[in-house]
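One-letter residues, chain by chain:
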Amino acid sequence: MTGATLQRLVARARPPLPALGVLLILADTVGLLAWGALAGIVVLVGFGLLDRVRPPAAPVRVVDPPVRGPWRALNSPATKVPSHGTNSLGQTYAIDLVLDPPDGSRPEFGSGGHWRRPEEYPAFGQPVLSPVDGVVVRVHQRRRDHRARSGWLSILHLLVVESFVRQVGGARWLAGNHVVVRADDGAFAALVHLRRGSVLVERGQRVVAGQQLAECGNSGNSSEPHLHVQLCDSPGLGGATGVPMAFRAGAADGADGLPADGELLGVAVR
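The model shown is predicted, which means the values in this text are computed figures rather than measured ones.

(A) Layout of the pattern of salt bridges. Taken as a whole, this structure holds nine salt bridges when the rule is applied. One salt-bridge network, in which partners are shared between bridges, spans Arg 72, Asp 100, Arg 106 and Glu 224.

Below you can see the structure in the form of structure tokens.
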């Protein structure tokens, strides 16, 4: 067995472990399974250890930016890898993008209430474009767009309570509304946290790079309306491994690449 095969098997094995661990602990709590709590803790620790396994090496794929305008990078692999602190769900090389117009219309964190309406953010409802030529293989758009977590209290609730519940619930709960496109080179482009009911394409439909797929939303494990973008090796995000990517003219200096945390997409894609 090659190292790459083993890395992919680890990724496929990770998804059910959080839910299994919690179920074992609950079974012990209600007296249904002796030593269930210990077994559950072992399973959760095992999940944490498996999460440290990086995806197999792969060439960087250059794709089109999925948005136009002054979008700023957060959790960028140009700053750190894994970009979101985890290799699960194919997120090793994922990037978050928030619309940050020069007029200051993006609400500043902590400037208002802890739970702001998503409509207050300029990213909400903005077009999301396909970064690749390919075929739509997954569409999910039934999750609601919840309020933004715009203060430390609400962020703590997101990180401690909501994230845990969604982790147990699985990839769809974490991703919220999303579209996955199988690129012609075999990679899968995932556009995540979309606005409910905004998807314009259907499964099996062929799309081209730059075609609008949906609108930016605030569904799933999202603190404010933004777009989460990643390339991975599987349409099922739960067991996917990440694939490195670069946006065409997407680096801050206009070269092919990704903006680092806090940087804007390159001038050529504004």
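(B) Structural detail: the packing of aromatic side chains. Counted according to the given criterion, the structure contains zero aromatic pairs. When the ring centre of Trp 173 is taken as origin, the NZ or CZ atom of Arg 143, which lies over that ring, is 4.2 Å away.

(C) Structural view of the nonpolar core. Grouped together as the largest cluster of nonpolar side chains are 31 residues, with contacts concentrated most on Trp 71, Ile 95, Leu 97, Val 179, Leu 194, Val 229 and Phe 247. Only strand E2 (71–74), strand E3 (95–99), strand E8 (177–183), strand E9 (188–194), strand E11 (212–215), strand E12 (227–232) and strand E14 (245–247) provide two or more residues apiece to this core. Not counting the four nearest positions on each side in its chain, Val 179 is found in contact with Val 136, Arg 138, Val 139, Ala 189, Ala 190, Leu 191, Leu 194, Val 199, Val 201 and Leu 213. Counting nine residues, the second-largest nonpolar core is a separate cluster that includes Ala 190, Val 192, Leu 237 and Ala 240.

(D) Spotlight on a positive patch on the surface. On the surface, Arg 138, Arg 142, Arg 172 and Arg 203 cluster together into a positively charged patch. You can see Arg 138 is positioned in strand E6 (residues 134–140).

(E) Quick peek at empty space enclosed by the protein. Summed over the entire model, instances satisfying the criterion amount to one cavity of 30 Å³ or more. Here the largest cavity is characterised by a volume of approximately 30 Å³. Lining the largest cavity are Gln 7, Ala 11, Arg 14, Val 53, Arg 54, Pro 55, Asn 87, Ala 240, Thr 241 and Gly 242.

(F) Broad picture of the pairing of E3. Counting buried residues in E3 gives five out of five residues, a clear majority hidden from the surface. Side-chain alternation along E3 places Ile 95, Leu 97 and Leu 99 on one buried face and Asp 96 and Val 98 on a second face that is also buried. With four bridges joining them, E2 and E3 adopt antiparallel strand pairing. Within the sheet, the bridge partner assigned to Ala 73 lies in E3 and is Leu 97.

(G) The arrangement of helix H2 (residues 17–29) in detail. Between its first and last C-alpha, H2 extends 18 Å over 13 residues, near the 18 Å set by a 1.5 Å rise per residue. Listing the buried residues of H2 in full gives Leu 17, Pro 18, Gly 21, Val 22, Leu 24 and Ala 27. Two residues or fewer after H2 comes Gly 31, characterised by a positive phi angle close to 85 degrees.

(H) Up close: a nonpolar patch on the surface. A cluster of nonpolar side chains, contributed by Leu 156, Val 160, Val 161 and Val 165, occupies part of the molecular surface with about 350 Å² of accessible area. Its location among the elements puts Val 165 in helix H4 (residues 152–169).

(I) How the structure looks around the state of the cysteines. Per the counting criterion, the structure on display carries zero disulfides. The thiol of Cys 216 is unpaired, and the distance to the nearest cysteine sulfur, on Cys 232, comes to 19 Å. Of the residues examined, Cys 216 reaches a relative accessible area of 0% and is grouped as buried.

(J) Representation of helix H3 (residues 36–50). Taking 1.5 Å of rise per residue, 15 residues should cover 21 Å, and H3 covers 21 Å from first to last C-alpha, within 8% of that figure. Listed in full, the buried residues belonging to H3 are Gly 36, Gly 40, Val 43 and Phe 47. In an axial view of H3, the angular spread of the buried residues amounts to 60 degrees, which keeps them on one side of the axis. Of the residues in H3, the exposed ones pointing more than 90 degrees away from the buried face are Val 42 and Leu 49.

(K) Region of interest: unusual backbone geometry. Here the amide bond leading from Val 81 into Pro 82 is cis, since omega sits at 0 degrees, within 30 degrees of zero. With respect to the helices and strands, the residue Pro 82 is situated in the loop between E2 and E3. In this structure, His 193 takes a positive phi of about 75 degrees despite not being glycine. Along the chain, His 193 turns up in strand E9. His 193 sits in the buried class, given a relative accessible area of 5%. Phi is positive for Ala 249, which is not a glycine, with a value near 60 degrees. The buried category is assigned to Ala 249, whose relative accessible area is 14%.

Parameters and conventions
Residues numbered from 1 in each chain as written. Predicted model: local features only at pLDDT ≥ 70, side-chain atom pairs only at ≥ 80, totals over all residues. Heavy atoms only, no water. Salt bridge = Lys/Arg side-chain N within 4 Å of Asp/Glu carboxyl O. Phe/Tyr/Trp six-rings, centres within 6.5 Å; stacked < 30°, edge-to-face > 60°. Lys NZ or Arg CZ within 6 Å of the ring centre and 35° of its normal. Core = buried A, V, L, I, M, F, W, Y, C linked by side-chain atoms within 4.5 Å. Buried < 20%, exposed > 50% of the residue type's maximum accessible area, 1.4 Å probe, protein only. Helix = DSSP H or I, 4+ residues; strand = E, 2+ residues; numbered from the N terminus. Contact = heavy atoms within 4.5 Å. Patch = residues over 30% accessible without salt bridge, like charges linked within 9 Å, V, L, I, M, F, W, Y side chains within 5 Å. Areas by Shrake-Rupley, 256 points an atom, 1.4 Å probe, with all protein chains shown as cover. Lys, Arg positive; Asp, Glu negative; His and termini not counted. Charge placed at Lys NZ, Arg CZ, Asp CG, Glu CD. 1 Å grid on protein atoms, 1.4 Å probe; cavity = no way out; pocket = protein on both sides within 12 Å on 5 of 7 lines; lining within 4 Å. Points joined across faces, edges and corners; volume = space filled by probe spheres on them. Pairing = 2+ DSSP bridges. Expected span 1.5 Å × (residues − 1). Disulfide = S-S within 2.5 Å. Arc of directions from axis to C-beta.

The analysis is restricted to geometry; functional conclusions fall outside its scope.
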